[in-house]
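Listed here are the chains, written in short residue letters.
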Amino acid sequence: MTSSHKIGCIVLAAGQSKRLKSKVAKIFHDLAGRSVLGHVLHTLNQLPLNQVVIVASPITPMHPDYLNHTVIVQDRQLGTGHAASMGVTGFGADDIEEVIIVCGDTPLLLPETLMQLIKSTADLTLLVASLPDHLLDATYGRVMFEHDKPIRIVEYKDADDSVRASPLINAGVYKIKVDLLKKLLPQLSNENAGNEYYLTDLVHLAVECGAEIQAILVDFEEVLGINTRIELEKVDAIIQSRLVSALMANGVTFQQPQTTRLSVDTVIGQDTVIEPCVIFKKGVTINTNVRIKSFSYLENCHLKDGVSVGPHAHIRGGCVLDEDSEVGNFVELKATHLGKKAKAKHLTYLGDATVGNFANIGAGTITANYDGFFKHKTIIDESVHLGANTVLVAPLTVGAEAMTAAGAVITENVPPGALAISRTPQKNKENWACLYKEKMRNKKKIN
Ligand code: UD1
Ligand code: CA
């Protein structure tokens, strides 16, 4: 392989996803904030490929995931062999010498494994895996060997019991010289149990014309394909455990990591502790020494050093929590900036708000930020102390050091240093309760 050697890639992604039983094609199902196909393309982007051609379904001829790649629509799903022959037409220049073919439904492949494939010098190279004992009846194609060389792939549907008993399966990932591919594709037929043009027939056709064929044995887990919901869940669990392991290696503590859900872009700093049952949606960055307590749900937010959140906190899009701020149970924040050492510890909603350093938000505080048409901002300046159950009807500003009395409904700005009270004055009716109770007890006795 020389540096001018050009490699193209075809991603087979037009399948009908029948076994998933979904209105959404399997390649667009979500795995940790990235689609199944997105994972495959993310891996391919790390390889020295000159062009990537996606064979797409006519139902989704355009999709943001396809950006920067060539798309060829396969109008009718006549099989993987037919899809590959459509894909080859996508290579613009004639200078592509070798083609890697991968399936869009196999998202766990690692770039280093595909680099091994790229480095192979055979005319046709395929990735092969060995089924673990408990999955010996899985419906992957079986790779037949003679003298350690692959000679044929038999699809599960077409295989008899003796072939099905073989644990060596076809991963659906190949590298082939483009001239050989163009020669063999027209020779594929659909006379088989699936009535499809099988790409897998390339192997025995290549044998027949004397080509050199090589198999590379890879870990089964890496080539798991997604055809059913059960496989989707298995792959998802592996992606989650890969993400957790990478963060642990960087010094993050997870208590019961199998109950955590991460996104591919979750960033977490050293000595941060994640308690059980925490969900990280996309766009979350957490600095060091943070504690996320159980049952918290975070999306698109930035938590700086020393922050504490939860249990049962909901940190929504656009929030920034400065150093050592604290958010407690049943607190929801949306597009809110919490200053250093600010606290909102109980039963609160802060939306479109800016909270200054050292401010204390009383239990039950609510920003009324939405009038049914527009969202409005609330500014709570430094060292403000809001009494329990304060309602802040935005837009408004509570000046630095100001206080609100418990139960206040604040509709106007509060000047710095002031106390805002807004409630009906209290009246105490002496002895009223005793008289009332006595009257009611007597009534009950008579009846
Ligand atoms: C395929 C292989 C099987 C292998 C397995 C590995 C064939 C015939 N079989 O089986 O040997 O063990 O992958 O995961 O190749 N697709 C199209 N157009 C089509 C049909 C399929 O683009 O007309 C795409 C699908 O979207 C999918 C990929 O090709 O991403 C593989 O197709 P799928 O139907 O999932 O093949 P398997 O039955 O899994
Ligand atoms: Ca498949």
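Every value quoted in this text rests on a predicted model; they were computed, and no experiment measured them.

(A) Representation of the overall build of the protein within the structure. Check the secondary structure of the protein and you find 8 helices and 35 strands. Along the first, second and third principal axes, the C-alpha atoms of the protein reach 105 × 65 × 40 Å. Expressed as a percentage of the 447 residues in the protein, the buried residues total 48%. Long-range contacts, defined as pairs at least 24 residues apart, comprise 42% of the intrachain contacts of the protein with a sequence gap of at least 6. For the protein, the computed accessible surface area is about 22,100 Å², with 53% contributed by carbon and sulfur atoms.

(B) Highlighting the coordination of the calcium ion (ligand 2). Within the protein, the calcium ion (ligand 2) binds to Asp105 (OD) and Asn227 (OD1); these donor distances fall in the range 2.3 to 2.5 Å. Here Asp105 is found in the loop between strand S6 (98–103) and helix H3 (111–119), whereas its partner Asn227 is found in the loop between strand S11 (213–218) and helix H7 (229–249), with 122 residues between them in sequence. Grouping residues by exposure puts Asp105 and Asn227 together as buried.

(C) Just empty space enclosed by the protein, in detail. As enumerated under the stated definition, the model contains 1 cavity of 30 Å³ or more in all. Computed from the structure, the largest cavity encloses a volume of approximately 40 Å³. Lining the largest cavity we find Val40, Thr43, Leu44, Thr106, Pro107, Leu109 and Leu114. A breakdown of the residues in the lining of the largest cavity according to their chemical character gives 5 nonpolar, 2 polar and no charged.

(D) Structural view of a nonpolar patch on the surface. Together, Met403, Leu419 and Ile421 line one region of the surface with nonpolar side chains, adding up to about 300 Å² of accessible area. Mapping Met403 onto the fold places it in strand S33 (residues 403–404).

(E) Summary view of the site of ligand 1. Residues in close proximity to ligand 1 total 23 residues, the closest being Gly15, Gln74, Thr80, Glu155 and Asn170. At a separation of 2.8 Å, an oxygen atom of ligand 1 approaches a polar backbone atom of Gly15. In the model, an oxygen atom of ligand 1 is placed 3.4 Å from a nitrogen or oxygen of the Leu78 main chain. Here ligand 1 loses 91% of its free accessible area of 750 Å² to cover by the protein chains. In this structure, ligand 1 is accommodated by the largest pocket.

(F) Spatial organisation of helix H1 (residues 36–44). Burial of H1 is extensive: 8 of the 9 residues sit out of reach of the surface. Val36, Leu37, Gly38, His39, Val40, Leu41, Thr43 and Leu44 are the residues of H1 that are buried.

(G) Main features of the layout of surface pockets. Roughly 1,500 Å³ of internal volume is contained in the largest pocket. Residue lining of the largest pocket: 50 residues in total, with Arg19, Lys26, Thr80, Asp105 and Asn227 positioned closest to the centre. Among the elements of the structure, strand S1 (7–13), helix H2 (80–88), strand S10 (168–177) and H7 are those that each provide at least two residues to the lining of the largest pocket. The greatest single-element share of the lining of the largest pocket, amounting to 4 residues, is contributed by S10. Classifying every residue of the lining of the largest pocket by side-chain character gives 21 nonpolar, 19 polar and 10 charged.

(H) Spatial organisation of the environment of Glu275. Checked against the element boundaries, Glu275 lands in the loop between strand S14 (273–274) and strand S15 (279–280). With 163 residues separating them along the chain, Glu275 and Glu112 place their C-alpha atoms 33 Å apart. Side-chain polar atoms of Glu275 contact the backbone nitrogen of Ser294, separated by 3.2 Å.

(I) A look at the pairing of strand S9 (residues 149–154). As judged from the 5 bridges shared by strand S8 (residues 142–146) and S9, these two strands associate in the antiparallel manner. Across the sheet, Glu146 pairs through a bridge with Lys149, a residue of S9. What sits between the antiparallel neighbours S8 and S9 is a turn of 2 residues, in which His147 has the positive phi angle 50 degrees.

(J) Seen up close, the pattern of salt bridges. For the coordinates displayed, the defined rule picks out 10 salt bridges. The partner of Lys6 in a salt bridge is Asp95, and the shortest N-O contact between them spans 3.0 Å. With a gap of 89 residues between them, Lys6 in the segment before S1 and Asp95 in the loop between H2 and S6 connect regions that are remote in the sequence. Looking at Lys6, the relative accessible area reads 28%, which means it is partly exposed.

Reading the values: rules and limits
Residues numbered from 1 in each chain as written. Chains lettered and ligands numbered in written order. Predicted model: local features only at pLDDT ≥ 70, side-chain atom pairs only at ≥ 80, totals over all residues. Heavy atoms only, no water. Helix = DSSP H or I, 4+ residues; strand = E, 2+ residues; numbered from the N terminus. Buried < 20%, exposed > 50% of the residue type's maximum accessible area, 1.4 Å probe, protein only. Contact = heavy atoms within 4.5 Å. Areas by Shrake-Rupley, 256 points an atom, 1.4 Å probe, with all protein chains shown as cover. Donors = N, O, S within 2.8 Å, 3.2 Å for Na, K, Ca; no water. 1 Å grid on protein atoms, 1.4 Å probe; cavity = no way out; pocket = protein on both sides within 12 Å on 5 of 7 lines; lining within 4 Å. Points joined across faces, edges and corners; volume = space filled by probe spheres on them. Nonpolar A, V, L, I, M, F, W, Y, C, P; charged D, E, K, R; others polar. Patch = residues over 30% accessible without salt bridge, like charges linked within 9 Å, V, L, I, M, F, W, Y side chains within 5 Å. Salt bridge = Lys/Arg side-chain N within 4 Å of Asp/Glu carboxyl O. Near = heavy atom within 4 Å. Polar contact = N/O pair within 3.5 Å; in protein donor to acceptor, adjacent residues only side chain to side chain. Sits in = over half its atoms within 2 Å of the grid points. Pairing = 2+ DSSP bridges.

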